[in-house]
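Structural characterization, general
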Amino acid sequence: MAQGDKHTFDFDGFNENIESEKVMVQDPGIGWIMNQRDKCKNEFGVIMESKLVKAVLDNVVVKPAKLKMDDFKDMGAFQEFMAEVNSFLGTNV
């Protein structure tokens, strides 16, 4: 996999705000992932998950556009979605 590669999958865990069940994600590259991990740390060096997830939804998810954390049915659906994204990227973000 290389920067810019795309992956499409079906997902039915969105709430009623999202009509599509098709998701497209793109590989932002190793540098972007590493930079985001650094940018999303607090003063103690702990990754702030909400900031990192927002960056992933804004920059890795292509479709549906403008996806937000509140667009998922529940935490289980959100975790399932992130597992698919992490599997595609080959790392946990």
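Refer to the structure presented above.
Conventions we followed
- Residues numbered from 1 in each chain as written.
- Predicted model: local features only at pLDDT ≥ 70, side-chain atom pairs only at ≥ 80, totals over all residues.
- Heavy atoms only, no water.
- Pairing = 2+ DSSP bridges.
- Helix = DSSP H or I, 4+ residues; strand = E, 2+ residues; numbered from the N terminus.
- Axes fitted to C-alpha atoms, helices over the stretch in contact; angles between N-to-C directions.

Now for the pairing of strand S2 (residues 22–26). Taken together, the five bridges between strand S1 (residues 6–10) and S2 define a ladder with antiparallel strand orientation. Bridging across to S2, Phe9 finds its partner in Val23. As defined by bridge partners, S2 adjoins strand S3 (residues 61–63) across two bridges and the pair is classed as antiparallel. Residue pairing in the sheet places Val25 in a bridge with Val61 of S3.

Turning next to the sheet that holds S1. Pairing is antiparallel in the open sheet, where three strands are placed in the order S1-S2-S3. Looking at strand neighbours, the two that pair on one side only are S1 and S3, the edges of this open sheet. Each strand axis lies, on average, 30° off the axis of its neighbour in the sheet, ignoring direction.

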